[in-house]
Amino acid sequence: MDSLCRECFYEAFETEVHETIMKYNLFKAGEKVALAASGGKDSTVLAHVVTTLNARYGYGLDLLLLSIDEGISGYRDDSLDTVKRNEETYGIPLHVFSYKDLYGWTMDEIVEAVGKKNNCTFCGVFRRQALDRGAHLVGATKMATGHNADDIAETVLLNLLRSDVPRLGRCSSAITGDECSLPRVKPFKYTYEKEIVMYAYFKRLDYFSTECKYSPFAARGLAREFVKDLEAARPRAIIDLVKSAERLRIKDSAKIVMSKPGTCRNCGYLSSQDVCKACILLEGLNKGIPQLGIGKSRGGSRDRALQRSNNEKAKSSNESCVNGAACDCKQSSHLTHNYLKNVEKIEAHPAARFT
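Residues numbered from 1 in each chain as written. Predicted model: local features only at pLDDT ≥ 70, side-chain atom pairs only at ≥ 80, totals over all residues. Heavy atoms only, no water.

**Let's talk about the packing of aromatic side chains**
By the definition in use, this model includes 14 aromatic pairs. Between Y57 and Y59, the ring centres sit 6.2 Å apart and the planes meet at 15°, which makes this aromatic pair stacked. Put simply, the rings of F9, Y10, F13, F188 and Y199 touch in pairs and so form one group of aromatic residues. Sitting over the face of the ring of Y10, K203 holds its NZ or CZ atom 4.3 Å from the ring centroid. (Phe/Tyr/Trp six-rings, centres within 6.5 Å; stacked < 30°, edge-to-face > 60°. Lys NZ or Arg CZ within 6 Å of the ring centre and 35° of its normal.)

**A short note on the sheet that holds strand β3 (residues 94-98)**
Hydrogen bonds along the backbone pair up the strands of a sheet, which may run parallel or antiparallel. Taking strand neighbours across the sheet as the criterion, the 6 strands line up as β3-β2-β1-β4-β6-β5 in an open arrangement whose pairing is mixed. Of all the strands in the sheet, the pair left with one neighbour each is β3 and β5 (175-176). Sheet analysis places strand β1 (residues 32-36) next to strand β4 (residues 142-144), joined by 3 bridges and oriented parallel. The residue of β4 that forms the bridge with L35 is A144. Relative to β1, helix α2 (residues 41-57) is tilted by about 150°, and along the sheet it contacts β1, β2 (62-69) and β4. Set on the sheet, helix α3 (residues 76-90) makes contact with β2 and β3; between it and β2 the angle comes to about 165°. (Pairing = 2+ DSSP bridges. Helix = DSSP H or I, 4+ residues; strand = E, 2+ residues; numbered from the N terminus. Contact = heavy atoms within 4.5 Å. Axes fitted to C-alpha atoms, helices over the stretch in contact; angles between N-to-C directions.)

**Considerations on the pairing of β3**
Within β3, 4 of the 5 residues are buried, which leaves it mostly tucked inside the rest of the structure. Strand direction decides the pairing type here: β2 and β3, joined by 5 bridges, are parallel. Counted as the bridge partner of S67 is V96 from β3. Once you follow β2 into α3 and on to β3, the crossover reads as right-handed. (Buried < 20%, exposed > 50% of the residue type's maximum accessible area, 1.4 Å probe, protein only. Right-handed = clockwise from strand over helix to strand, strands pointing away.)

**Comments concerning the side chain of H18**
By the secondary structure assignment, H18 is in helix α1 (residues 6-23). If near-sequence neighbours (up to four positions away) are discounted, H18 is found in contact with L53, Y57 and Y59.

**So, the environment of H48**
On the secondary structure map, H48 appears in helix α2. Accessibility expressed as a relative area gives 15% for H48, which makes it buried. Sequence-wise, H48 and Y90 are 42 residues apart; in three dimensions their C-alpha atoms are separated by 7.2 Å. Residue contacts for H48: discarding those within four places in its chain leaves Y90, Y199, K203 and L205.

**Points about helix α10 (residues 220-233)**
The end-to-end C-alpha separation of α10 is 20 Å, in line with the 20 Å expected for 14 residues at 1.5 Å each. All of the buried residues along α10 are A223, V227 and E231. End-on view of α10: buried residues confined to an arc of 75°, all on one side of the axis. Set apart from the buried face of α10 by more than 90 degrees, the exposed residues are L222, E225, D229, A232 and A233. In this structure, the buried residues of α10 make contact with α7 (149-162), α9 (193-202) and α11 (237-246). (Expected span 1.5 Å × (residues − 1). Arc of directions from axis to C-beta.)

**Looking at the packing of α7 against α11**
Where α7 meets α11, the axes come as close as 8 Å, and the angle between the chain directions of the two elements is 60°. With respect to α11, the axis of α7 lies oblique. Classified by chirality, the crossing of α11 by α7 is left-handed. On α11, the residues that touch A149, D150, I152, A153, V156 and L157 of α7 are I238, I239, L241, V242 and A245. The class makeup of the residues in the contact of α7 with α11 is 10 nonpolar, no polar and 1 charged. (Parallel < 35°, antiparallel > 145°, perpendicular 65-115°, else oblique. Left-handed = near helix turned anticlockwise from the far one by under 90°. Nonpolar A, V, L, I, M, F, W, Y, C, P; charged D, E, K, R; others polar.)

**Things to note about the pattern of salt bridges**
A complete count under the given rule lists 21 salt bridges for this structure. E70 is paired through a salt bridge with R76; the nearest N and O atoms lie 2.5 Å apart. With a relative accessible area of 3%, E70 lands in the buried category. In this structure, the salt-bridge partner of R236 is D240, at a minimum N-O distance of 3.2 Å. Judged by its relative accessible area of 47%, R236 falls in the partly exposed class. Here the salt bridges do not stand alone but share partners, grouping K41, D42, D150, E193 and K228 into one network. (Salt bridge = Lys/Arg side-chain N within 4 Å of Asp/Glu carboxyl O.)

**Some words on the packing of α10 against α11**
Two numbers describe a pair of packed helices, the interaxial angle and the distance between the axes. Between α10 and α11, the shortest axis-to-axis distance is 8 Å and the interhelical angle comes to 115°. Taken together, α10 and α11 sit at an angle that is classed as roughly perpendicular. Facing V227, L230 and E231 of α10, the residues of α11 in contact are A237, I238 and L241. Of the residues assigned to the contact of α10 with α11, the class counts are 5 nonpolar, no polar and 1 charged.

Put into structure tokens, the structure is as follows:
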């Protein structure tokens, strides 16, 4: 491998990202692109590089920063301060949406209810949908995330271990959801995490480096360690995993399990099922049965959880509504009404602009 001076490294890094953008036609002139911003190294470098390339190559993009406040004390509140400084640095507007406003729960409250074993399942599902909701509310037509080659390699392994054919077939794509109203793009698809760290360090970018206090309990951590071990033994292992996933061909007999993207009948947002995972998880939380949406249903656990919920509901039909005991709402339950009231509150946000 050739050695590079600092300036040549910057040029090589930015050129590689630009070539990825061009190769996959990730952006089109006039698009309003939401840059998912957590305050960490990946999203900070994403904001810096996309802003730089947008000016250098005349992409013609209308950029904004989009952050989600999960409600993790001592972590997200500090990282959001970093994102606010980035807003000033790059001169692009920042919009922040919270789990509390969207779902009625903070992540700290969820962990208290479900424990630390499955909390990352809730956060991953809620965060993904929260980004979609926030992007729609501010009128974005595309979302860019800071997922890098290391992240994609880890996801490939996790999907193999889970035998998740639908996700395995699309997890290495540089653009997903292009058939939907809000496609997601990954400009860092072929960029190593170590390159992003070096770029951020030498450019002296302002980013937040503390890990989420719940991340040590995530399954992804094990995949990350394994990928690092593979890379130590074979430097090309990460890119080879990404390339292998690109070359996967799924047999027609396996495609029957791959559901086409649609919309959730409860919340109206993107879902491959009749009811999205976020709504199922939220229902479980609100009914005191958080295991409702955990894992894959094999004809038993979810049905039993629903049956217990129905039995409890039959015993007490006087659930409290946000509008009080005299509420005459026509929803299937007051819990649904409470949820929809939260949605209405978010849609009344000053930044809510639909295209």
